[in-house]
Each structure stands twice: as C-alpha cells, then as structure tokens.
Amino acid sequence: MALFKNITIGQYIPGNSAIHRLDPRTKIIGTVLLIVLLFMVDSFLGYALAAVAIFGIVQLSEIPWRIILRGLRPLFVILLLTVSLHLFMTEGTPIFRIWFIEVTWEGLFRGVMMGVRLALLVMGTSLLTLTTSPINLTDGIESLLKPGKRIGVPAHELAMMMTIALRFIPTLLEEAEKIMKAQMARGADFQSGGLMQRAKSLIPLLVPLFVNAFRRADDLAIAMEARGYRGGEGRTKFKELHFGQADAIALGVSIAFVVLVGVLF
Amino acid sequence: MAKPLIRFEGVHFRYNPGTEREWAALQGIDLDIYPGEFVAVLGHNGSGKSTLAKHCNALLVPSSGRVLVDGLDTKDDAAVWQIRQTIGMVFQNPDNQLVATTVEEDVAFGPENLGIPSKEIQARVDEALRAVGMEAYRLHSPHQLSGGQKQRVAIAGMISMRPRCIVLDEPTAMLDPEGRREVMHTIHRLNETEKITIVHITHHMDEVINADRVVIMTDGKIALQGTPKDVFSNVELLRSLHLDVPQVTALSHRLRSRGLNLPDGIITVDELVECLCQS
Ligand SMILES: Nc1ncnc2c1ncn2[C@@H]1O[C@H](COP(=O)(O)OP(=O)(O)OP(=O)(O)O)[C@@H](O)[C@H]1O
Ligand SMILES: [Mg+2]
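Residues numbered from 1 in each chain as written. Chains lettered and ligands numbered in written order. Predicted model: local features only at pLDDT ≥ 70, side-chain atom pairs only at ≥ 80, totals over all residues. Heavy atoms only, no water.

### Description of the overall build of chain B
Right, on to step 1. Counting secondary structure elements, chain B contains ten helices and ten strands.
Right, on to step 2. Rg of the C-alpha trace for chain B: 20 Å, near the compact-globule value of 19 Å for 279 residues, within the 12% margin.
Right, on to step 3. Referenced to the eigenvectors of the C-alpha coordinate spread, the extents of chain B come out at roughly 65 × 50 × 40 Å.
Right, on to step 4. Counting all 279 residues of chain B, 56% fall into the buried class. (Helix = DSSP H or I, 4+ residues; strand = E, 2+ residues; numbered from the N terminus. Rg over C-alpha atoms; globule rule 2.2 N^0.38 Å. Buried < 20%, exposed > 50% of the residue type's maximum accessible area, 1.4 Å probe, protein only.)

As structure tokens, this is what we get:
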C-alpha cells in the first residue's frame with residue numbers, strides 16, 4: 001500500500017531550457033505579473049492573448065503538456081463549480097430554462113471566462129514550481145524580500161522555514177505511513193465509518209507524529225547550532241543568484257506585455 | 001607529548017539546576033584528547049556520554065570546572081564561534097541533522113554559516129563529498145539515501161567546515177550492519193589520511209577495538225581508560241559496570257577460567273588463534 005505515493009511536493013522537473021535557466025527572481029516576478037494580468041483583463045481577446053503567452057512559455061520550458069494538464073486535475077471540481085455557478089446565476093438573455101434554472105448567454109460567457117481564467121492561473125503558477133528547484137525558489141524569495149527587512153520582514157527566516165519544511169515533508173510522510181501501518185497491524189481502521197469516526201481514527205496517527213516532529217525540531221536546532229548557524233547575518237550563499245541579460249529581456253518583455261494587454265483589453 | 005586539543009578540567013555538569021529535576025550528569029571529568037587521536041567512548045545508557053560530547057563544542061558549558069578547546073575556554077562567548085569551527089559534531093539520528101533539500105546544499109550549510117565566499121564553498125563541497133565517497137549523490141535529496149549514506153553526508157557537512165576534530169555521538173546506533181561498516185570505514189579513513197581527531201561514542205564493542213584509546217564512563221565519571229587491550233583486560237570490572245566486552249575477549253576469558261593458559265586483553269580473532277596455537 002502506497003498511501004502517499006501520489007502526493008508530489010515541489011514538483012520540480014529538472015531541465016536546461018531557457019525558462020529553467022532564468023533567475024528565480026525573474027520567474028517569481030513574472031508569475032506575479034501574470035496573476036495581475038489575469039485579474040485585469042476582462043475581454044475574450046485579453047484572455048486569448050494571455051493564453052497564447054502561457055502556451056509560448058510552456059513550449060520554451062520543454063515541459064510536456066501532459067504534466068501541465070495534470071496540475072489542473074485537482075482543480076476539476078472547483079473549476080466545474082465556478083463555471084456552473086456563473087452559468088446558472090447570471091441574469092440576462094435566456095438561452096433555455098429547465099424548471100426554475102435559467103441559462104443565459106451572459107452566464108455562458110461569464111462561466112467560460114472564469115473557467116479559463118482559473119485554468120490559466122493554475123497553469124501559469126505551476127510553471128514556476130515546475131521549472132524552479134526548491135532551493136532556487138527559496139533563494140529567490142529571500143532575495144526579493146530582503147528590501148523589506150528594514151520594515152521588519154524576516155526574509156532569511158522565512159526562506160529557512162521553507163527550506164526546512166521542504167526538507168522534512170517527505171520524511172514526515174514516510175513516518176506517517178510507517179505509524180499508520182503499525183496501527184493497522186494492530187487492528188486500527190482508517191478507511192471506514194463516517195466523517196467523525198474517521199477523524200477520530202486519525203488521533204493515534206497524529207499524536208506520535210507530532211511528538212516526533214517536536215523531537216526532530218529539537219535535534220535539528222542543536223545540529224544547526226553545531227554547524228555554526230546563527231541566523232542570516234554574515235551568511236554567504238553556496239550558489240549565488242545571477243540576474244543576467246536573458247533575465248532583463250524576459251522581465252522587460254513581460255512588463256511590456258502585461259501593461260499593454262492589461263490596459264488595452 | 002603535544003598540547004591537548006580538548007581538555008576537560010574537573011568538569012561537573014547539572015541539568016536543570018535548582019529544580020526538582022536537577023540531575024548531575026557529569027561529576028568531575030578530567031580528560032585530555034590529543035591531536036590525531038582516535039578516542040572511543042563507551043558507557044551504559046545515561047552514563048553521560050552525550051553530555052560529555054556536547055561539552056566539546058560549547059553546546060553545553062560546565063557548571064563547574066572548565067573545558068578548553070585548543071586553549072579556548074568554552075565559557076567564553078567570544079570563542080564559541082572559533083570552537084564550533086574546530087570541533088565538528090555528528091549526531092545519532094541521521095534524519096534530524098540534515099537541513100537542506102539536496103546533498104550538496106546540505107554540505108554547503110556550514111561553510112555558508114562561516115561566511116565563506118561562494119567559489120571556495122564549491123571547492124570545499126567537492127572535497128568533502130569526495131572524502132566520504134558520496135560525490136555521485138550530490139543532487140539527491142536526503143530522503144532518497146540510506147541511513148549510512150545520510151550519516152556520511154552529515155560527516156561531509158562537518159568536513160566542509162575544516163574542523164580539526166569530529167565528535168560523533170552514537171552515529172551508528174540507528175544503522176544496519178552495512179551502514180555501520182560504511183560509517184566506521186569513513187571515520188577511520190579521515191583519521192588516518194586527513195589526520196582529523198575522532199571522538200567516537202558508541203555502544204558497539206567491535207567499533208572500539210581499532211581505537212587508539214578507550215574511555216569508559218559510568219554515572220558521569222570516567223571509570224577506566226587506556227588502549228583497547230588494557231581496557232578489555234578488565235573483563236570483571238567491565239561486567240560490573242554493565243558493559244559487554246568484544247565476543248573474542250569474552251571467549252578467551254571463559255577459556256582462561258577453564259584453565260587454558262591465555263594472556264589478558266585479547267581483542268581480535270587473530271590474536272586468539274595465535275595464542276591458542278602457542279599454548
Ligand atoms: N535535557 C536533560 N534534562 C535533564 N536530564 C537530562 C537531560 N539530558 C540528559 N539528562 C540526564 O543526564 C544523564 C546523562 O545523559 P546522557 O544523554 O549524557 O547519557 P548517555 O550516556 O548519552 O546515554 P545514552 O546511551 O542513552 O545516549 C541521564 O541520566 C539523563 O537522564
Ligand atoms: Mg547519548
């Protein structure tokens with residue numbers, strides 16, 4: 001039984017494409033720009049242009065479409081819900097009606113638009129994690145947050161937290177699986193019963209998991225101290241980020257695109 | 001003899017002083033560890049081995065007495081930095097001491113903390129991974145490694161800081177026999193070729209017979225120390241301290257009590273065979 005095998009975290013696909021090689025900061029800012037754009041545009045043409053841009057980036061990243069689309073799967077229910085809500089709830093020129101449910105042209109339009117917006121949003125943001133290794137991602141976030149330090153943003157600490165979380169998620173999942181199997185061998189049942197029943201059956205899993213997690217945290221703190229860790233002050237980086245020509249071009253094009261499309265459409 | 005690298009002078013240590021959970025874990029330790037030595041520390045559960053280890057790099061400081069590392073007092077806050085660079089430490093649980101998401105990033109963690117320039121960190125990471133034979137795994141993430149491999153990465157994480165001594169607190173306790181062999185091979189090689197001083201804390205008798213010196217602890221004190229041969233000559237004393245002796249030593253002891261003419265302190269099979277042939 002592989003309980004947690006289908007959970008992928010930091011679903012990074014190693015590669016050496018133009019997108020992979022970009023500085024993580026460029027990609028993070030680009031993603032933020034994309035999100036902004038998708039909330040700004042409000043016309044069919046606007047969405048079409050955004051879609052073309054995303055398709056272009058996917059092509060450049062050499063990530064198989066299969067993997068990009070797989071990212072949409074967990075969203076399917078939300079997508080369906082959004083589309084149907086808009087479909088049924090928008091007033092306007094009716095297409096047809098069944099009993100009290102009325103479907104309108106406006107609803108159809110809004111529903112499809114919202115669906116496309118969500119799908120593009122997810123595809124665009126997953127491109128970031130698919131082409132950027134967790135280390136690069138945290139380094140990028142740390143570097144981008146650094147200016148906020150003066151107003152009290154704990155840039156280094158946040159990045160450190162993310163690194164440790166990413167490091168320990170697989171370890172904790174493995175441990176959860178081990179404990180679960182041990183409890184099942186003693187007759188525990190995690191699969192049947194109502195919601196309350198199942199929630200209750202998780203307690204013997206969660207308690208040892210938490211106790212162990214705290215012990216791990218303690219051990220790790222001592223190990224980090226022994227390795228000379230004393231916060232972000234005076235620390236250097238193994239792999240320094242490098243904002244190059246390609247980054248300048250990519251960022252320039254992105255900003256121009258977002259301003260143009262966002263304002264015009 | 002050379003100046004000791006680590007010197008314990010009448011060290012006492014109490015956990016939670018002044019509370020009802022107060023516990024005197026170290027009770028008057030005098031111990032010198034010299035550059036280049038391979039020292040094994042043995043002792044039953046709760047005898048204070050881990051507490052002793054944590055005094056070596058100022059993770060704990062004595063309640064009374066003092067610990068000097070290369071002449072620096074561990075109580076001196078300004079020296080702690082230098083001390084942690086001099087003495088590396090590897091712990092029991094291989095999972096709980098790796099910080100980063102890839103092997104090479106983890107090995108780089110120490111040098112990053114020391115503020116070493118990026119170029120030099122690269123060189124140190126390469127060198128450290130080579131020293132423990134893990135260069136093929138640089139881009140693996142820790143959870144893809146076996147226990148023995150994780151411990152070797154943890155050791156590499158120390159080597160990249162260029163310490164003069166590595167203290168290992170039961171590094172093999174959670175490993176399978178293969179993992180134990182890997183780790184023992186690695187630390188003996190570091191001791192012999194890189195001249196790194198090793199303090200190896202363990203429960204396994206067979207891991208101490210190749211040490212230069214064995215230190216036996218009981219109840220926060222040093223009960224006995226000397227070469228493995230000397231220490232294992234005291235089979236009765238060790239037994240009274242609830243410690244095992246290597247199997248070969250136990251066998252020779254029994255043979256002797258049955259009247260065979262064998263010397264004290266036999267610790268390897270070869271030795272026993274030779275002595276049996278002579279007698
Ligand atoms: N944080 C603590 N607070 C209170 N007492 C402690 C603490 N850590 C250890 N002790 C006590 O100090 C004594 C020595 O502990 P230590 O961990 O040094 O022993 P050890 O020889 O390493 O044992 P083991 O073989 O189990 O690792 C033990 O009796 C232990 O209960
Ligand atoms: Mg211990």
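### What to know about the packing of helix α2 (residues 24–40) of chain A against helix α11 (residues 245–264) of chain A
Residues and elements named next belong to chain A.
Right, on to step 1. At a minimum axis distance of 10 Å, the contact between α2 and α11 shows a crossing angle of 5°. In this view, α2 runs roughly parallel relative to α11, as classed from their interaxial angle. For the pair formed by α2 and α11, the contact residues are Thr26, Ile29, Leu33, Leu37 and Met40 on the first element and Asp247, Ala250, Leu251, Ser254, Ile255, Phe257, Val258, Val261, Gly262 and Val263 on the second.
Right, on to step 2. Considering only residue class, the contact of α2 with α11 consists of eleven nonpolar, three polar and one charged. (Axes fitted to C-alpha atoms, helices over the stretch in contact; angles between N-to-C directions. Parallel < 35°, antiparallel > 145°, perpendicular 65-115°, else oblique. Contact = heavy atoms within 4.5 Å. Nonpolar A, V, L, I, M, F, W, Y, C, P; charged D, E, K, R; others polar.)

### Some words on the confidence of the model for chain B
Residues and elements named next belong to chain B.
Right, on to step 1. Taken over all residues, the pLDDT of chain B has a mean of 92, while the share at 70 or more is 100%.
Right, on to step 2. Summarising per-element confidence for chain B, the mean pLDDT is lowest in helix α10 (residues 269–278) (85) and highest in strand β8 (residues 197–201) (97).
Right, on to step 3. Model confidence for the complex: the whole-complex pTM is 0.84, and ipTM, which rates the interface, is 0.87. (pLDDT = per-residue confidence, 0-100.)

### Brief notes about empty space enclosed by the protein
Right, on to step 1. For the structure on display, the rule yields three cavities of 30 Å³ or more.
Right, on to step 2. Its volume calculated, the largest cavity comes out at about 200 Å³.
Right, on to step 3. In terms of lining residues, the largest cavity is bounded by 15 residues, among which Asp139, Thr163 and Lys237 of chain A together with Glu105 and Glu112 of chain B are the most central.
Right, on to step 4. Elements represented by at least two residues in the lining of the largest cavity include exactly α7 (134–145) and α8 (155–185) of chain A together with α3 (103–114) of chain B.
Right, on to step 5. Its residues placed into classes, the lining of the largest cavity shows five nonpolar, four polar and six charged.
Right, on to step 6. Around the second largest cavity sit Phe232, Val235, Thr249, Ser252, His253, Arg256, Pro263, Asp264, Gly265 and Ile266 of chain B, which together line it.
Right, on to step 7. The leading source of residues in the lining of the second largest cavity is helix α9 (residues 247–257) of chain B, at four residues.
Right, on to step 8. Looking at the lining of the second largest cavity residue by residue, the classes come out as four nonpolar, four polar and two charged. (1 Å grid on protein atoms, 1.4 Å probe; cavity = no way out; pocket = protein on both sides within 12 Å on 5 of 7 lines; lining within 4 Å. Points joined across faces, edges and corners; volume = space filled by probe spheres on them.)

### Remarks on the nonpolar core
Right, on to step 1. Ranked by internal contacts, the top residues of the largest apolar core, which has 50 residues, are Val107, Ile155, Ile159, Ile166, Ile216, Phe232 and Leu238 of chain B.
Right, on to step 2. Here this core gets six residues from one element, more than from any other, and that element is helix α5 (residues 147–159) of chain B.
Right, on to step 3. Residues contacting isoleucine 155 of chain B, with those up to four places away along its chain left out, are Val90, Val132, Ile166, Leu168, Val183, Ile187 and Leu190 of chain B.
Right, on to step 4. Of all hydrophobic cores here, the second largest spans 32 residues; its members include Ala223 of chain A together with Leu5, Leu26 and Ala53 of chain B. (Core = buried A, V, L, I, M, F, W, Y, C linked by side-chain atoms within 4.5 Å.)

### Some points on the interface of chain A and chain B
Right, on to step 1. Each partner contributes to the interface: chain A provides 30 residues, whereas chain B provides 37 residues.
Right, on to step 2. Summing both sides of the interface, chain A and chain B together bury roughly 3100 Å²; the carbon and sulfur share of this comes to 55%.
Right, on to step 3. Area buried by chain A at its contact with chain B is led by Arg167, Arg227 and Phe238 of chain A, which between them contribute 32% of it.
Right, on to step 4. Scanning the region where chain A abuts chain B turns up five salt bridges.
Right, on to step 5. In this structure, arginine 227 of chain A and aspartate 106 of chain B form a salt bridge, with 3.2 Å as the shortest nitrogen-oxygen distance.
Right, on to step 6. Within the residue set of the side of chain A that touches chain B, elements represented by two or more residues are α7, α8 and α10 (203–226) of chain A.
Right, on to step 7. By residue number, the principal contributor to the side of chain A that touches chain B is α8 of chain A, which donates nine residues.
Right, on to step 8. Grouping the amino acids of the side of chain A that touches chain B by side-chain chemistry returns 14 nonpolar, five polar and eleven charged. (Buried area = accessible area lost by both parts, 1.4 Å probe. Salt bridge = Lys/Arg side-chain N within 4 Å of Asp/Glu carboxyl O.)

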